[in-house]
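Residue strings, one per chain:
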Amino acid sequence: MGLYDDLEDEDDWIKRNTYQHLAWVPAMYRLPELNDFFEKCEKEYGDILRSPSIWACGGTVRAPVSSEKLIELEHRTLIKLLHHYNEYDEWGIGLSEGLVGGRGSLNGALSMAASWVPMHFISLIPMIDRSSLSISYIYSIIDGLASHLRCRFGNLSNSAWKAIEPLPEENFLAEILLDLVERYCGDDDRGYTSSRAIEACSTVLEDDRSLERIYFQLWRLGLCSTPKPEKDEEAHSLIGAGINSVRGTVAETVLMICNYRLGKEKSITQELQQLLTRCAKDPSMVVRATFLRKFPAFHSKEPELGWRLVNLLVENAKPRLMKHLEGTLYYQYHSNFDAVKPYL
């Protein structure tokens, strides 16, 4: 009864709220002096049906330790921290300062920290491995190294990324990243970590030995199940779905390597031709549409191989794909009208 004693108001809402709160108390436990109060309220408001108060709560789930703090911790402390959250992957615990996540949220912070200061976290990987901690920690660091290279030398734009000095030499870092993919990503069934890492390596490494290793990884990733062809119609944007899929990333990476080599007046090797053919014949229209993003530049410099790939791209193609073919046909219109004509 004294819930609102600090308020001088005698508004109707105070009386009604008091009644609603007291209605939860079973009649047998109510004080005798409340009987008159209940009789008056029941006549005025009726017999209130008690129901639980349920409401939605939103917000972000933050990491238990921030990326800024992670880059300050020494390796021994980091291992203790990772070990603490190794078996804890709850969605989030509500505290006074908001929702705090478990291992999944910590992985996100670890990946960002590794993208800022990659060399600090590379030497942590063997310690994680020896401690038999979750492989997701290693994948998060690999993701961070890939983001570092893609932000510096690729086309990734991330407002949260910081270039913290001293920056590692790009070829040295890319070679380490390629080694890590070969050593730890064999069990990356989903392929997302591997595909982004290989894309990052491809923006930097040019020597034949490294490219052979990259070709092998691209061929392996081409066997991943994502994207599924039966999901093509559900995609709001073919390219949007493609750049976020494993085989779509493979298709873009293959053409990125080809266009770079052509710009340096280097030949398209047999391995690259096989990869190009595989991407052009991919059963998913999502992958074919993503392939066509960087295809016009390639087609203009390799017309004969380009037209062979166009024929593969349109084979059993769905109508949604055809608009993505317009770019390469536009640049071929004047010089190769007879080849373009069947597609008009």
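Residues numbered from 1 in each chain as written. Predicted model: local features only at pLDDT ≥ 70, side-chain atom pairs only at ≥ 80, totals over all residues. Heavy atoms only, no water.

Hey, could you run me through the overall build of the protein in this one?
Tallying secondary structure elements over the protein gives 20 helices and 3 strands in all. A compact globule built from 344 residues would reach a C-alpha radius of gyration of about 20 Å, whereas the protein, at 30 Å, exceeds it by more than 25%. A burial count over the protein gives 44% of its 344 residues as buried. Across the protein, every contact between residues at least 6 apart in sequence was considered, and the portion connecting residues at least 24 apart equals 69%. Total accessible area on the protein is roughly 19500 Å²; 52% of this is exposed by carbon and sulfur atoms. Distance from the positive charge centre (38 side chains) to the negative charge centre (49 side chains) of the protein: 7 Å. (Helix = DSSP H or I, 4+ residues; strand = E, 2+ residues; numbered from the N terminus. Rg over C-alpha atoms; globule rule 2.2 N^0.38 Å. Buried < 20%, exposed > 50% of the residue type's maximum accessible area, 1.4 Å probe, protein only. Contact = heavy atoms within 4.5 Å. Areas by Shrake-Rupley, 256 points an atom, 1.4 Å probe, with all protein chains shown as cover. Lys, Arg positive; Asp, Glu negative; His and termini not counted. Charge placed at Lys NZ, Arg CZ, Asp CG, Glu CD.)

Which parts of the structure should I look at to understand helix α4 (residues 75–84)?
Side chains that are three or four residues apart share a direction in an α-helix, a result of its 3.6 residues per turn. For α4, the complete set of buried residues consists of L78, I79, L81 and L82. The arc that holds every buried residue of α4, seen down its axis, measures 160 degrees, which confines them to one face. Opposite its buried face, α4 presents the exposed residues R76, K80, H83 and H84, each directed more than 90 degrees away. Buried residues belonging to α4 abut α3 (67–70), α5 (103–116), α6 (118–122), α7 (124–130) and α8 (135–153). (Arc of directions from axis to C-beta.)

Is there a simple way to think about the packing of aromatic side chains in this case?
The geometry of an aromatic ring pair comes down to the distance between the two centres and the angle between the two planes. Taken as a whole and judged by the stated rule, the model has 6 aromatic pairs. Ring pairs connect the aromatic residues Y19, F37 and F38, which therefore count as one cluster. The residue whose ring lies beneath K162 is W116, and the NZ or CZ to ring-centre distance is 4.4 Å. Taking the ring centre of W219 as reference, the NZ or CZ of R278 above it sits at 4.3 Å. (Phe/Tyr/Trp six-rings, centres within 6.5 Å; stacked < 30°, edge-to-face > 60°. Lys NZ or Arg CZ within 6 Å of the ring centre and 35° of its normal.)

What is the right way to look at the environment of D188 in this model?
Within the secondary structure, D188 sits in the loop between α9 (170–184) and α10 (192–202). For D188 and S136, which are 52 residues apart along the polypeptide, the C-alpha to C-alpha distance reads 9.6 Å. In this view, D188 contacts Y139, T193 and S194; residues no more than four positions away in its chain are not counted. For D188, the side chain forms a polar contact with the main-chain nitrogen of T193, separated by 3.4 Å. (Polar contact = N/O pair within 3.5 Å; in protein donor to acceptor, adjacent residues only side chain to side chain.)

Just to check I follow, could you spell out the nonpolar core for this structure?
Inside soluble globular proteins, nonpolar side chains tend to come together where they are buried. Ranked by size, the top nonpolar core spans 82 residues in total, and within it L70, L276, F291 and F298 carry the most contacts. Every residue in contact with L70, bar those within four places of it in the chain, is listed here: V65, L78, L81, L106, A109, L110, A113, H120 and F121. One finds L22, L34, F38 and Y45 within the second-largest nonpolar core, a separate group that totals 7 residues. (Core = buried A, V, L, I, M, F, W, Y, C linked by side-chain atoms within 4.5 Å.)

Whenever I open this one, a nonpolar patch on the surface confuses me. Can you help?
On the surface, V25, M28 and Y29 cluster together into a nonpolar patch covering about 360 Å² of accessible area. Locating V25 in the fold gives a position in the loop between α1 (12–22) and α2 (35–45). In this structure V25 comes out as partly exposed when scored by relative accessible area, which is 30%. (Patch = residues over 30% accessible without salt bridge, like charges linked within 9 Å, V, L, I, M, F, W, Y side chains within 5 Å. Salt bridge = Lys/Arg side-chain N within 4 Å of Asp/Glu carboxyl O.)

Quick question: what am I supposed to make of a negative patch on the surface here?
Negative charge collects at one region of the surface, where E169, E175, E206, D207 and D208 lie side by side. Mapped onto the elements, D207 comes out in the loop between α10 and α11 (208–221). Overall, D207 belongs to the partly exposed group, its relative accessible area being 34%.

It is not clear to me how the packing of α1 against α2 should be interpreted in this structure. Could you clarify?
Packed helix pairs are characterised by how far apart their axes lie and by the angle those axes make with each other. Across the interface, α1 lies against α2 with an axial gap of 11 Å and an inter-helix angle of 110 degrees. Between α1 and α2, the interaxial angle falls into the category roughly perpendicular. Note on packing geometry: the crossing formed by α1 with α2 is left-handed. Residue-level contacts link D12, K15, R16, T18, Y19 and L22 of α1 to F37, F38, C41, E42, E44 and Y45 of α2. In the contact of α1 with α2, the residues fall into 6 nonpolar, 1 polar and 5 charged. (Axes fitted to C-alpha atoms, helices over the stretch in contact; angles between N-to-C directions. Parallel < 35°, antiparallel > 145°, perpendicular 65-115°, else oblique. Left-handed = near helix turned anticlockwise from the far one by under 90°. Nonpolar A, V, L, I, M, F, W, Y, C, P; charged D, E, K, R; others polar.)

What should I look at first to understand the environment of V204 in this one?
Along the chain, the position of V204 falls in the loop between α10 and α11. C-alpha of V204 to C-alpha of E170: the two residues are 34 residues apart in sequence and 6.7 Å apart in space. V204 has contacts with L149, F153, E170, N171 and A174, leaving out every residue within four places of it along the chain.

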